[in-house]
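Architecture and fold: a report
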Amino acid sequence: MKVKWKIVSLSIITIFILLCNGCSKKRADVTIQDKIYQDKFNLVENDLVDNAEGKDLENELDTRIVQNSKESLSEQVDERDGNLKSDKKEVYDTMMKRSLISTGNNYRMKKIIEKAKNGENVTIAYIGGSITEGAGASGANKSYAYQSYEYFKDTYGKGDGSNVSFVNAGMGGTPSALGIIRYDRDVTEYENIEPDIVFIEFAVNDYQEPTNGEAYESLIRKVLSSKKSPAVVLMFSVFQSKWNMQSLYIPLGEYYHLPMISVKDAVVPELEEGRMTDALFFSDQYHPTTYGHTIMANCIINYYKTIDDMEKHTEDITVPLEAKIGNAYEEIQMIDSSYNGDEIEIIPGGFSAIDEKIGRFTGNKLTFPNNWMKDKDQEDDGFVMNLNCKNLLLVYKASSDTSYGTVDIYVDSKLVMSIDGYQSGGWNNPITVSLIKEDVSNNHLVEIKMSKDSLDKSFTILAFGYSE
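Residues numbered from 1 in each chain as written. Predicted model: local features only at pLDDT ≥ 70, side-chain atom pairs only at ≥ 80, totals over all residues. Heavy atoms only, no water.

We now examine the overall build of the chain. The number of helices and strands found in the chain is 12 helices and 14 strands. For the chain, with 468 residues in total, the buried portion stands at 50%. Pairs at least 24 apart in sequence give 80% of the contacts found in the chain among residues at least 6 apart. About 22300 Å² of surface is accessible on the chain, with carbon and sulfur atoms providing 48% of the total. (Helix = DSSP H or I, 4+ residues; strand = E, 2+ residues; numbered from the N terminus. Buried < 20%, exposed > 50% of the residue type's maximum accessible area, 1.4 Å probe, protein only. Contact = heavy atoms within 4.5 Å. Areas by Shrake-Rupley, 256 points an atom, 1.4 Å probe, with all protein chains shown as cover.)

Printed below as a string of structure tokens:
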């Protein structure tokens, strides 16, 4: 009788172990499947099962003392991990290949890389909108600009890379028309350094650009022609709507033989095929997540790696005498309330206050600290400016504060437009409009007055851009 009970007991234990073995494997399979699903398209991560996940699975198996299941699971993880890594690499390589529209003429970039390797000082500048500034990233050092700068510094810099410096001139909500106005202030006058490499990113912000592409081309020409002969790279970011303006700007990149990198071309096919989700790449309808910024940085890194394997072009870029769209703003200069020259006459009138409720850069620095504000409590004396110019752009503040109102703008006593400083979606962001565009310079009188129904309202002029 005891023998029979022993046999029954052993049978029950055996069945229990087999059941545990099966349950353990089943639970492990579910865990692995969940992990595969979550990390299916995380190209930034290298490992399917991280150390913590592997540790949890091992503990679960050790508790049941089922060595065979542990070994079987390990084989499953290794096989699936290897397959996923292979799939990731293939998709990643395809993405990177698509992102690089053109390497352009590499003469300047190769020369600058050699310069960095030799220990000479190199400055990389990025100018664009909020994406360049780093919006959506978990920190300033996680922006695509900083991550790609770090790669350049670590890869090509001498020693610890301290000979490579970084300028981020990204400003939220700004088109290329404002980019060229503030280029000297925010890039070349920043620590009085001429950049060696300039990334230009306005392919999503230029939907509200008032010069129809002329400012963008003018900026390209201005940078290419500057005394340090910097390398220029065109960066085409993308909105969640899968839209940008690269179709307008690619012909300019081809015309000037520039490298062009398209984030749209890289990620949109993956979004459309469902291999990448909007939530993974976008933090909102406009800005990438930290993951998205890393993908953008990887697109730039791919460009660097590609030209590393290329022979250096024997001749430098030649800037054509004729512009493709236009170069009316190539020599534009910025004017704000800090102006103390005698060529332009400025009478602020009632616009004599300083508005401190304006946008800030990532480092908390005010974007336009030297502005002209007409406060709602000030007298209704108009702003007057007398200058010689052929082009004039106005930059003003858009506010969701209902105390902001409308101004009427006169050029040579003729009403040219009325502008409402109040916008329900305004966030103290700058907006740029064109006031004057002529073929030759003339003397002009510009007057800005509060409209009749806004005499008790406020309005802020942030800056002007003019060219003679």
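Let's shift gears to helix 7 (residues 176-188). Arg182 marks where helix 7 bends most, by close to 60°. Those residues of helix 7 that sit buried are Ser176, Ala177, Leu178, Gly179, Ile180, Ile181, Arg182, Tyr183, Asp186, Val187 and Thr188. (Bend = angle between axes of the 7 residues up to and from the residue.)

Moving on, we come to the packing of aromatic side chains. Tallied over the full model, the rule gives 23 aromatic pairs. Here the aromatic rings of Tyr303 and Tyr304 are separated by 5.6 Å at their centres, their planes lie at 40°, and the arrangement is tilted. Judged by its relative accessible area of 1%, Tyr303 is buried. Accessibility expressed as a relative area gives 0% for Tyr304, which makes it buried. Sitting above the plane of the Phe368 ring, Arg185 keeps its charged end 4.9 Å from the centroid. Residue placement shows Lys449 over the ring face of Tyr410; its charged tip is 5.3 Å from the ring centre. (Phe/Tyr/Trp six-rings, centres within 6.5 Å; stacked < 30°, edge-to-face > 60°. Lys NZ or Arg CZ within 6 Å of the ring centre and 35° of its normal.)

Trans peptide bonds make up the majority, and among non-glycine residues the majority have a negative phi. In the Ramachandran plot, Asn212 falls in the positive-phi region, its phi being about 55° despite a non-glycine side chain. With respect to the helices and strands, the residue Asn212 is situated in the loop between strand 4 (197-201) and helix 8 (214-225). Look at Asn212 and you get exposed, because its relative accessible area is 64%. In this structure, His257 is a non-glycine residue whose phi angle is positive, near 55°. Within the fold, His257 resides in the loop between helix 9 (246-255) and strand 6 (260-262).

Charged atoms that come close allow side chains of opposite charge to pair. In total, this model carries 14 salt bridges according to the counting rule given. The shortest N-O distance in the salt bridge between Lys222 and Asp184 comes to 3.3 Å. Placement of Lys222 in helix 8 and of Asp184 in helix 7 is noted, with a sequence separation of 38 residues between them. Put simply, Glu214 and Lys437 hold a salt bridge, and the shortest N to O gap is 3.2 Å. (Salt bridge = Lys/Arg side-chain N within 4 Å of Asp/Glu carboxyl O.)

The residue Ile332 is located in the loop between helix 12 (290-308) and strand 7 (333-335) in this model. Its relative accessible area of 2% is what places Ile332 among the buried residues. A sequence separation of 150 residues divides Ile332 from Arg182, and the C-alpha atoms of the two residues are 9.3 Å apart. Beyond its immediate sequence surroundings of up to four residues, Ile332 is in contact with Ile180, Ile181, Lys222, Leu393, Gly465, Tyr466 and Ser467.

Our focus in this paragraph is the packing of helix 4 (residues 107-117) against helix 12. In contact at an axis separation of 11 Å, helix 4 and helix 12 are set at 90° when each is read in the N-to-C sense. In terms of orientation, helix 4 and helix 12 fall into the roughly perpendicular class. For the pair helix 4 and helix 12, the contacting residues are Met109, Lys110 and Ile113 in the first and Tyr303, Tyr304, Ile307 and Asp308 in the second. Residues belonging to the contact of helix 4 with helix 12 are distributed by class as follows: 5 nonpolar, no polar and 2 charged. (Axes fitted to C-alpha atoms, helices over the stretch in contact; angles between N-to-C directions. Parallel < 35°, antiparallel > 145°, perpendicular 65-115°, else oblique. Nonpolar A, V, L, I, M, F, W, Y, C, P; charged D, E, K, R; others polar.)

Our focus in this paragraph is the layout of surface pockets. Of the voids in this model, the largest pocket is the one considered here, and its volume is about 470 Å³. Looking at the largest pocket, it is lined by 21 residues, and the ones nearest its centre are Asn168, Ala169, Tyr190, Phe361 and Lys365. Those elements giving two or more residues to the lining of the largest pocket turn out to be strand 3 (164-170) and helix 7. The greatest single-element share of the lining of the largest pocket, amounting to 5 residues, is contributed by strand 3. (1 Å grid on protein atoms, 1.4 Å probe; cavity = no way out; pocket = protein on both sides within 12 Å on 5 of 7 lines; lining within 4 Å. Points joined across faces, edges and corners; volume = space filled by probe spheres on them.)

A few words on the confidence of the model for the chain. Keep in mind that low pLDDT regions are not for reading the predicted coordinates in detail. Mean pLDDT over the chain stands at 86; residues scoring 70 or higher make up 82%. With pLDDT under 50 throughout, residues 1-38 is counted as low confidence; its partners more than four residues away or in other chains account for 26 contacts. (pLDDT = per-residue confidence, 0-100.)

Counted according to the given criterion, the structure contains 1 cavity of 30 Å³ or more. Estimated volume of the largest cavity: approximately 60 Å³. Lining of the largest cavity is provided by 13 residues; of these, Asn105, Ala231, Val232, Pro259 and Ile317 occupy positions nearest its centre. Among the elements of the structure, helix 4 and strand 5 (231-236) are those that each provide at least two residues to the lining of the largest cavity. Ranked by residue count, the leading element in the lining of the largest cavity is strand 5, at 3 residues. In the lining of the largest cavity, the residues fall into 10 nonpolar, 2 polar and 1 charged.

Taken across its 6 residues, strand 5 has 6 buried, putting it largely inside the fold. As paired strands, strand 4 and strand 5 are joined by 4 bridges and run parallel to one another. Its bridge partner lying in strand 5, Val198 is registered against Val232. The β-α-β motif built from strand 4, the intervening helix 8 and the parallel element strand 5 has right-handed crossover chirality. Bridge analysis of strand 5 against strand 6 gives 3 bridges, and the strand direction is parallel. Across the sheet, residue Met235 finds its bridge partner in strand 6, namely Ile261. A crossover connection joins strand 5 to the parallel strand 6 through helix 9; in handedness this β-α-β unit is right-handed. (Pairing = 2+ DSSP bridges. Right-handed = clockwise from strand over helix to strand, strands pointing away.)

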